[in-house]
There are 2 protein chains.
Amino acid sequence: MIGSHIDTVATAGAFDGPLGVLGALEVIRTLNDGGIETERPIEAVCFTEEEGSRFGTDMLGSAVAAGRISLDDAYSLVDSQGNSLGDELTRTGFAGPERELLEPPFAYVECHIEQGPVLANAGADIGVVTGVQGISWQALAVHGRAAHAGATPTELRLDAGVAASAVVTRLCEMVSSNRYGDLRATVGRIAVEPNLVNVVPAKAELTVDMRNPDDDLMIRAEHDLSEFLTELVARQPGLEIHSRRMAKTTYVPFDVTVRRIIASVADEQGLTHAELLSGAGHDAQEMASICPTAMVFIPGEYGGISHSPREYSSPEACERGISVLAGVVLRLAAMCPSSIGQP
Amino acid sequence: MIGSHIDTVATAGAFDGPLGVLGALEVIRTLNDGGIETERPIEAVCFTEEEGSRFGTDMLGSAVAAGRISLDDAYSLVDSQGNSLGDELTRTGFAGPERELLEPPFAYVECHIEQGPVLANAGADIGVVTGVQGISWQALAVHGRAAHAGATPTELRLDAGVAASAVVTRLCEMVSSNRYGDLRATVGRIAVEPNLVNVVPAKAELTVDMRNPDDDLMIRAEHDLSEFLTELVARQPGLEIHSRRMAKTTYVPFDVTVRRIIASVADEQGLTHAELLSGAGHDAQEMASICPTAMVFIPGEYGGISHSPREYSSPEACERGISVLAGVVLRLAAMCPSSIGQP
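Residues numbered from 1 in each chain as written. Chains lettered and ligands numbered in written order. Predicted model: local features only at pLDDT ≥ 70, side-chain atom pairs only at ≥ 80, totals over all residues. Heavy atoms only, no water.

**Examining the overall build of chain A**
If you tally the helices and strands in chain A, you get 10 helices and 13 strands. Rg of the C-alpha trace for chain A: 22 Å, near the compact-globule value of 20 Å for 343 residues, within the 12% margin. If you line up chain A on its principal axes, its C-alpha atoms span 80 × 45 × 35 Å. When the 343 residues of chain A are sorted by exposure, 56% land in the buried category. Total accessible area computed for chain A in this model is approximately 14200 Å², and 51% of it derives from carbon and sulfur atoms. Within chain A, the 47 negative side-chain charges are centred at a point lying 6 Å from the centre of the 24 positive side-chain charges. (Helix = DSSP H or I, 4+ residues; strand = E, 2+ residues; numbered from the N terminus. Rg over C-alpha atoms; globule rule 2.2 N^0.38 Å. Buried < 20%, exposed > 50% of the residue type's maximum accessible area, 1.4 Å probe, protein only. Areas by Shrake-Rupley, 256 points an atom, 1.4 Å probe, with all protein chains shown as cover. Lys, Arg positive; Asp, Glu negative; His and termini not counted. Charge placed at Lys NZ, Arg CZ, Asp CG, Glu CD.)

The structure is reproduced here in structure tokens:
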């Protein structure tokens, strides 16, 4: 099984581009063109809503396919317009009749742009991904009190926007402290109401995206953020902050045998390679719970910038990644079962 | 001339309610019902877009009527949907053929809810407004760089949302310092792009509303905020912050004679009164540039909360305000010209 994802429903989240699915199709097309038959069948898969940008839960399709999230729970998720995933899949014709749970395949491999600067800095053609760092997403809703910007003394305000900014500032302090290891934190969404120039914000909504390769330090970061929110509320009676968990995954290590095959195929093809941890979440981390899994990364230009219109990998870099993917898939499709770890 | 404003175009800004215009009409209706004829004619006026919530410039109608803003400049202002005031006035049938500049009247009085806690705390029925504090509005646009929330190392980010939060936090520090007198500062609008949970914000837009009764200290606050923005940009090469002035008014003192008449009428009617400065902007401050002007305030409930759905003044408080307004208008309509200061 060659992994990829394409966001058929979550068009708002289609940042990663079609490298995965096109790569998988290219591998199969090449094998067909060459009349190459494998011991084991090869399948290309597309998972929906990997980014989670529309329905708020990332790796949604693969999490359902791997059994971590139930189909009913997934269907009931709603987007910002109030449309449910279930209704939208029906409307767009993607609600098929097949069983949603995947039969565990022999192995799973996914090719992806790195979305970071590690490979470019190391001058490596290919990344052998050792695992995926833990991800914690929560949505915070701050309830203050609307008030007149000119007539309301500062000490009588419950400014939801100020509280939201305090959260952002605190997250920056947490990241730059040494208490949480390689913590990354991002507030990607901020919205205030009523959002008028001369009205103290009554409400603020924000999201907190935290990443950490160390599960214990992630728990510490979540705990300390929660403590900070409690203090913030205690300091200003009347202020309320509600937190809702959007997503949470722990550190996922990838299969050592599949990683070794990736490195070996890259060597065969004369490509330099480096091991690295994935900063981003991927469908592969869901597949890793049901079968031996690893990922092939290729470098991005401009410091590996991603989730940006400037995201770019050269055609040559893409070709090298797909070429390694093909070699790895051929090896896996020919291996005897006992030579690879079972989950 | 009895002042009032009603936001016929800027419905989004219609927070202040119709006390002014209904009060003015009630005074004229009462005089007509009683067959009372005055020496001087009495006019009720409504100004458009006093809040500035839709077209971004407050006191817009009165500023045009008093000659501070040209009709062409006003017509060319656009709302967040890109509609211009000129087009919207035509569309709604409010683009009348009359000359926009007012002939300076003998005097101008406006009745308004205080929108603050001073009168309630002082236990006063009526507020005699001494003037309006200076107002400074600016719009800030922060340009950072979109990036992947998981894969982008913190030191390589240009996070526009973090910069926006730093501005909010700095304004709070400025207010709580003793350097700027009675400065009030509000960030009422904050919006980030692309506004997705796992994308570092590429852009942030926010508004800064500052109020100060001391013009020199307001200039100091504006200067220091500007310095802070320069530092913020210097610290992170690539980050850009553009500032656009939305509105700026200096401290406006009200006419001493009109204020004295308000206090005297309140005394006559057995009402307690207190002098106070207006924290909010009002059309009266534009009228003050062309004729003797003052304002009558009435207390609001719940600590004088305003620009909030909880804003409320009792019918009795409103009646007392309109009753004083009527008394003041009758006196002004009968006064000989030499007994009142000319602008």
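**What to know about the packing of helix H6 (residues 160-176) of chain A against helix H7 (residues 215-235) of chain A**
Residue and element names in this part refer to chain A. For the pair H6 and H7, interaxial distance at closest approach is 11 Å and the crossing angle is 145°. In this structure, H6 crosses over H7, and the sense of that crossing is right-handed. The segment H6 lies against H7, with Ala 163, Ala 166, Val 167, Arg 170, Leu 171 and Met 174 engaging Ala 221, Asp 224, Leu 225, Phe 228, Leu 229 and Leu 232. In terms of residue class, the contact of H6 with H7 is made up of 10 nonpolar, no polar and 2 charged. (Axes fitted to C-alpha atoms, helices over the stretch in contact; angles between N-to-C directions. Left-handed = near helix turned anticlockwise from the far one by under 90°. Contact = heavy atoms within 4.5 Å. Nonpolar A, V, L, I, M, F, W, Y, C, P; charged D, E, K, R; others polar.)

**Looking at the relation of the copies chain B and chain A**
Once chain B is rotated about the relating axis by 180° and shifted along it by 0.0 Å, it coincides with chain A to within an RMSD of 0.0 Å. Viewed as a symmetry operation, the transformation between the two copies matches a two-fold axis. Relative to the rotation axis, the C-alpha of Ser 165 of chain B is the closest in chain B, positioned 2.3 Å from it. Of the residues that chain B buries at the interface, 100% are likewise interface residues in chain A, meaning the two copies contact each other through the same surface. (Least-squares fit on C-alpha atoms with pLDDT ≥ 70 in both.)

**Re the interface of chain B and chain A**
Think of interface size as the accessible area that goes away when the parts come together; that is how it is often given. Taken together, the contacts link 57 residues of chain B with 57 residues of chain A. Connecting chain B to chain A are 0 salt bridges. Along the contact surface separating chain B from chain A lie 15 residue pairs in polar contact (both at pLDDT 80 or more). Of all the secondary-structure elements, those providing two or more residues to the side of chain B that touches chain A are strand S5 (147-148), helix H6 (160-176), strand S6 (184-186), strand S7 (190-193), strand S8 (199-200) and strand S9 (203-212) of chain B. Per-element tally for the side of chain B that touches chain A: the top contributor is H6 of chain B, with 7 residues. Broken down by class, the residue content of the side of chain B that touches chain A amounts to 28 nonpolar, 20 polar and 9 charged. (Salt bridge = Lys/Arg side-chain N within 4 Å of Asp/Glu carboxyl O. Polar contact = N/O pair within 3.5 Å; in protein donor to acceptor, adjacent residues only side chain to side chain.)

**Section: the state of the cysteines**
All names here are of chain A. Taken as a whole, this structure holds 0 disulfides over all chains when the rule is applied. The closest cysteine sulfur to the non-disulfide-bonded Cys 46 is located on Cys 111, 14 Å from its own sulfur. By relative accessible area, which is 45% here, Cys 46 ends up partly exposed. (Disulfide = S-S within 2.5 Å.)

**Points about H7 of chain A**
Residues and elements named next belong to chain A. For H7, which comprises 21 residues, the first-to-last C-alpha distance of 30 Å matches the rise-based estimate of 30 Å (1.5 Å per residue) to within 8%. Those residues of H7 that fall on the buried side of the exposure criterion are Met 218, Ala 221, Glu 222, Asp 224, Leu 225, Phe 228, Leu 229 and Leu 232. Along H7, the residues classed as buried sweep out an arc of 165° about the axis, all on the same side. In H7, the exposed residues that point more than 90 degrees away from the buried face are Asp 216 and Ala 234. (Expected span 1.5 Å × (residues − 1). Arc of directions from axis to C-beta.)

**Let's talk about helix H8 (residues 256-268) of chain B**
Residue and element names in this part refer to chain B. Here H8 spans 18 Å end to end across 13 residues, near enough to the 18 Å set by a 1.5 Å rise per residue. Within the span of H8, buried status applies to Thr 257, Val 258, Arg 259, Ile 261, Ile 262, Ala 263, Val 265 and Ala 266. Of the residues that open H8, the one with a side-chain oxygen 3.0 Å from the backbone nitrogen of Thr 257 is Asp 255. Positive phi appears at Gly 270, one or two residues downstream of H8, with a value of about 70°.

**Some details on the packing of aromatic side chains**
Here the structure, examined in full by the defined rule, presents 0 aromatic pairs over all chains. Arg 40 of chain A extends its terminal NZ or CZ atom over the ring of Phe 106 of chain A, reaching a point 3.5 Å from the ring centre. Positioned over the ring face of Tyr 302 of chain B is Arg 310 of chain B, at 5.1 Å from the centre of the ring. (Phe/Tyr/Trp six-rings, centres within 6.5 Å; stacked < 30°, edge-to-face > 60°. Lys NZ or Arg CZ within 6 Å of the ring centre and 35° of its normal.)

**Structural notes on the side chain of Ser 136 of chain A**
Residue and element names in this part refer to chain A. On the secondary structure map, Ser 136 appears in strand S4 (residues 134-143). Given a relative accessible area of 1%, Ser 136 falls into the buried group. Of note is the side chain of Ser 136, whose polar atom sits 2.6 Å from the side chain of Glu 222. Once residues lying within four places of it in the same chain are set aside, the contact partners of Ser 136 are Val 208, Asp 209, Met 210, Met 218, Glu 222, Arg 245, Ala 247 and Lys 248.

**Notes on the environment of Asp 87 of chain B**
All names here are of chain B. For Asp 87, the location among the structural elements is in helix H4 (residues 85-91). The exposed category is assigned to Asp 87, whose relative accessible area is 53%. Each C-alpha atom, one on Asp 87 and one on Leu 158, is 39 Å from the other, the two residues being 71 residues apart in sequence.

**Here we look at the nonpolar core**
Membership of the largest hydrophobic core comes to 59 residues, with the highest contact counts inside it found for Val 167, Leu 171 and Met 210 of chain A together with Val 167, Leu 171 and Met 210 of chain B. When neighbours within four sequence positions are excluded, Met 210 of chain B is seen to be in contact with Gly 134, Ile 135, Ser 136, Gln 138, Leu 171, Leu 183, Arg 184, Ala 185, Met 218, Ala 221, Glu 222 and Leu 225 of chain B. (Core = buried A, V, L, I, M, F, W, Y, C linked by side-chain atoms within 4.5 Å.)

**Concerning the environment of Ala 66 of chain A**
Residue and element names in this part refer to chain A. Relative to the helices and strands, Ala 66 resides in the loop between helix H2 (60-65) and helix H3 (71-75). Under the relative-accessibility criterion, Ala 66 is labelled buried at 15%. With 126 residues separating them in the primary sequence, Ala 66 and Val 192 have C-alpha atoms 37 Å apart.

**Regarding the pattern of salt bridges**
Residues and elements named next belong to chain A. Scanning the entire structure with this criterion turns up 28 salt bridges over all chains. A salt bridge links Glu 286 to Arg 68, with the nearest nitrogen and oxygen atoms 2.7 Å apart. Highlighted residues: Glu 286 in helix H9 (residues 283-287) and Arg 68 in the loop between H2 and H3, separated in sequence by 218 residues. Owing to a relative accessible area of 4%, Glu 286 belongs among the buried residues under this scheme. With relative accessibility at 42%, the residue Arg 68 sits in the partly exposed group.

**Quick notes on the confidence of the model for chain A**
Residues and elements named next belong to chain A. Chain-level pLDDT for chain A is 88 on average; 92% of the residues reach the 70-or-more range. Within the model, pLDDT remains below 50 along residues 3-17, and this stretch shows 58 contacts once partners closer than five positions in the same chain are excluded. The ipTM assigned to the predicted complex is 0.79, against a pTM of 0.78. (pLDDT = per-residue confidence, 0-100.)

**Observations regarding the pairing of S9 of chain B**
All names here are of chain B. In terms of burial, S9 is a largely internal element, 8 of the 10 residues being buried. For strand S4 (residues 134-143) and S9, the ladder comprises 10 bridges, and the chain directions are antiparallel. Bridging across to S9, Ala 141 finds its partner in Glu 205. Bridge analysis of S6 against S9 gives 3 bridges, and the strand direction is antiparallel. Considered in S9, the bridge of Thr 186 is made with Asp 209. Taken together, the 4 bridges between S7 and S9 define a ladder with antiparallel strand orientation. Bridging across to S9, Glu 193 finds its partner in Lys 203. (Pairing = 2+ DSSP bridges.)

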